[in-house]
Each structure stands twice: as C-alpha cells, then as structure tokens.
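Summary of the model geometry
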Amino acid sequence: MSPFLFQDTRLEELHQALLAAYGPPPQRECWPPLRQLVYSMLSSRTKTEVSHEALYALEKRFATWKQVRDAPEQDVLETIAVVKFPEKKAPALQKALRRITRQNGGKLNLDFLHGHSEERIRRWLESFEGVGAKTSASVVNFSTIRGRAIAVDSHHDRIAKRLHLVPQSVTADETERRLLQMAPVSWTPAMLDEHHSLVKRHGQVRCTKIDFEKHCAACPLLAMCPTGAEIVDGNKSSRKFD
Ligand code: SF4
C-alpha cells in the first residue's frame, strides 16, 4: 500500500475503546430475514424490550406469518399495541406480508434474498411502506443474510455526530454510508453488528440524548471526542472563576 494513502483508523479506535469499556456484546442469534423484517418494522421508535414483547405476542397469537397476513387488521393492531404507532405498523406489516407472498410465487418467506447484493436487497426492502434505511440495514446485517450494513439508529447517528465522524447536517442514511466507508475492510458483517451494539450501548448508558454532559469527563471516548473535550474544557475554565 502506498505510504501516502490516508487510512482512517477512527472507527477501529472507537471500537477498541468501547470493547474495553463494555466488553463484547452478547452474540446475536441470526433470525430468518422475514422474522427480522417483522421485528424491525415493529421496533421503529420503540424500545428493544417492548419490540420483542410485540414480536412474541404476534408469534403466540398467530401460528404462522400467513395467519398474521390474513388476520383482521384490528387483531394484529391489538396484538402489537405496546409498540409506538401500532395503527400505522399493523396495516404496513400486513401489506408487506401480502406483497412478499405475491412477489415470491405464493410463498411467504424472504429466503430468496440470500445471494443478492446488499444494495439490491435494500433498494427492494425500502420500497415497502414503513421500511427505511435502518430497517433494511437490520435485515441485511442481523438476519441470516449477514451482509454488510450498519443499522444506524438514533444513538448511533447522535454519537457519530458528537464525535465529528460525520457532519451535523447529514441524515442517518448518509451517516451510515460514511461510516461504512470508514469501516476497515477487514471487518466482517458480524463485526459491523458488534460495532453497532457497542455504540448503541454507549448511547444508552453514557452518551444519552439529553443530560450526557455529566458523563464526558470520565467517558472512555473523551480522547477522541471534540464535543466532550469542549464540555470538559468549558467546565474547567468556568471553575477558575468560581
Ligand atoms: S465525551 Fe461526552 S459527548 Fe463524547 S462520546 Fe463521551 S459522553 Fe458522548
């Protein structure tokens, strides 16, 4: 490799610092892509444990995804009532299940996606109502497809911006695109998943949406974080005038 070729090592450094702070996240059990799609559609703007509760409730009430597809909308809506916006998610989910059946020769599964490029899968999934970049990335990266994608949720987007890895003005889709470009080529899809889990955990326990400033001084990412440095320096200089 040319000695003049710039290698951005920030994601690797970030990853190692988070691993040292939190330890490796639990290994994911990769689900079939259809189950992952259903879960991810339920999980938008909803806490992880609540999304799981809704998924398990669906699976308990209906024996198969076909039964979910063909049930009265009100039954599906009642079953997933714990998630945010169930009135939008129930019809979107049933519509998606009907369309998959239609486009997959009458079969209701997404196994045919294996072997297609990540880009093609994501373009197709994102043409469904209620499916955005985070959901399509989850299906590609978390399911048995195990392709290259980063499910950039609000935690991940916020932290990437506080660390100045991406400009403040970019959308979460653009954040993902830039992070994927920065990710070492040696990172496997499982490592991209691990990275996502570590950043999400950091966003839940330290670099939270509000009230995060109190964590900056002892944050494991402080040495690489311009936002944290500004906050810590600001606190120091204001203390001089106490
Ligand atoms: S130093 Fe502060 S702003 Fe930076 S990552 Fe840590 S908690 Fe977030």
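Remember, it's a predicted structure, so these values are computed and weren't measured experimentally.

This part is about the overall build of the protein chain. Of regular secondary structure, the protein chain possesses 13 helices and 0 strands. Starting at the N terminus and walking to the C terminus, you meet the elements of the protein chain as α-α-α-α-α-α-α-α-α-α-α-α-α. The principal-axis extent of the C-alpha atoms belonging to the protein chain is close to 70 × 50 × 30 Å. Counting only residues that meet the buried cut, the protein chain has 47% of its 242 residues in that class. When contacts within the protein chain are restricted to residue pairs at least 6 apart in sequence, long-range pairs at least 24 apart make up 61% of them. With an accessible surface of roughly 13,200 Å², the protein chain has 54% of that area assigned to carbon and sulfur atoms. In the protein chain, which carries 36 positive and 29 negative side-chain charges, the distance between the mean positions of the two groups comes to 2 Å.

Further remarks concern the side chain of Asn 104. Tracing the backbone shows Asn 104 in the loop between α6 (86–103) and α7 (118–125). Taking the relative accessible area as the measure of exposure, Asn 104 reaches 13% and is therefore buried. Ignoring sequence-local partners within four residues, the contact set of Asn 104 consists of Asn 109 and Phe 112.

Before going further, it helps to examine the domain arrangement of the protein chain. Interfaces are frequently sized by the accessible area removed from exposure as the parts join. Taken domain by domain, the protein chain holds domain 1 (11–24 + 153–236) and domain 2 (33–142). For domain 1 versus domain 2, the distance between C-alpha centres works out to 28 Å. The interface is formed by 8 residues belonging to domain 1 together with 7 residues belonging to domain 2. The largest contributions to the domain 1 side of the interface with domain 2 come from Asp 153, Glu 176 and Asp 193, which together make up 53% of the buried area. Arg 122 is paired through a salt bridge with Glu 176; the nearest N and O atoms lie 2.7 Å apart. The tally of links between domain 1 and domain 2 comes to 3 residue pairs in polar contact (both at pLDDT 80 or more). For the side of domain 1 that touches domain 2, the secondary structure elements donating two or more residues are α10 (172–182) and α11 (189–205). Each residue belonging to the side of domain 1 that touches domain 2 can be placed in one class, and the counts come to 2 nonpolar, 1 polar and 5 charged.

What follows is about the packing of aromatic side chains. Considering all chains together, one arrives at 3 aromatic pairs under this definition. Judged by centre distance (5.6 Å) and plane angle (80°), the rings of Trp 31 and Tyr 39 are edge-to-face. Per residue, the accessibility class of Trp 31 equals that of Tyr 39, and both read buried. Aromatic pair Trp 124 and Phe 128: ring centres 4.9 Å apart, planes at 85°, arrangement edge-to-face. In this structure, Trp 124 and Phe 128 share a single accessibility class: buried.

Before going further, it helps to examine the packing of helix α1 (residues 10–22) against α11. It is the contact of α1 with α11, at a shortest axis distance of 10 Å, that shows an interaxial angle of 60°. As α1 runs across α11, the sense of the crossing is left-handed. Facing α1, whose interface residues are Leu 11, Leu 14, His 15, Leu 18, Leu 19 and Tyr 22, α11 presents Met 191, Glu 194, His 195, Leu 198, Val 199, Arg 201, His 202 and Val 205. Taken together, the residues that form the contact of α1 with α11 break down as 9 nonpolar, 3 polar and 2 charged.

Attention now moves to helix α3 (residues 48–61). Along an α-helix, a turn takes 3.6 residues, which lines up residues three or four apart on a common side. Taking 1.5 Å of rise per residue, the 14 residues of α3 would be expected to cover 20 Å, and the 20 Å separating its terminal C-alpha atoms lies within 8% of that figure. Every buried residue of α3 is listed here: Ser 51, Ala 54, Leu 55 and Leu 58. Around the axis of α3, the buried residues are gathered within 100° of arc, so they sit on the same side. Along α3, exposed side chains directed more than 90 degrees from the buried face belong to Glu 49 and Lys 60. Tucked inside the fold, the buried residues of α3 contact α2 (33–43), α4 (65–70), α5 (73–79) and α6.

Once that is clear, we can look at unusual backbone geometry. When glycine is set aside, most residues are seen to have a negative phi, and most peptide bonds are trans. Here the phi dihedral of Phe 85 falls at roughly 55°; this positive angle occurs in a residue that is not glycine. Among the secondary structure elements, Phe 85 is positioned in the loop between α5 and α6. On the basis of relative accessible area, Phe 85 is assigned to the partly exposed category, the value being 36%. The phi dihedral of Arg 146 is positive, around 45°, even though this residue is not glycine. Mapped onto the fold, Arg 146 is located in the loop between α8 (133–142) and α9 (154–162). By relative accessible area, Arg 146 is classed as partly exposed at 23%.

Taken together, Arg 162, His 202, Cys 207, Phe 212, Cys 216, Cys 219, Cys 225 and Gly 228 make up all the residues around the ligand. Among the residues forming the shell around the ligand, the class breakdown is 5 nonpolar, 2 polar and 1 charged.

Rules and cut-offs
- Residues numbered from 1 in each chain as written.
- Predicted model: local features only at pLDDT ≥ 70, side-chain atom pairs only at ≥ 80, totals over all residues.
- Heavy atoms only, no water.
- Helix = DSSP H or I, 4+ residues; strand = E, 2+ residues; numbered from the N terminus.
- Buried < 20%, exposed > 50% of the residue type's maximum accessible area, 1.4 Å probe, protein only.
- Contact = heavy atoms within 4.5 Å.
- Areas by Shrake-Rupley, 256 points an atom, 1.4 Å probe, with all protein chains shown as cover.
- Lys, Arg positive; Asp, Glu negative; His and termini not counted.
- Charge placed at Lys NZ, Arg CZ, Asp CG, Glu CD.
- Domains from an automatic or database assignment.
- Buried area = accessible area lost by both parts, 1.4 Å probe.
- Salt bridge = Lys/Arg side-chain N within 4 Å of Asp/Glu carboxyl O.
- Polar contact = N/O pair within 3.5 Å; in protein donor to acceptor, adjacent residues only side chain to side chain.
- Nonpolar A, V, L, I, M, F, W, Y, C, P; charged D, E, K, R; others polar.
- Phe/Tyr/Trp six-rings, centres within 6.5 Å; stacked < 30°, edge-to-face > 60°.
- Axes fitted to C-alpha atoms, helices over the stretch in contact; angles between N-to-C directions.
- Left-handed = near helix turned anticlockwise from the far one by under 90°.
- Expected span 1.5 Å × (residues − 1).
- Arc of directions from axis to C-beta.
- Near = heavy atom within 4 Å.

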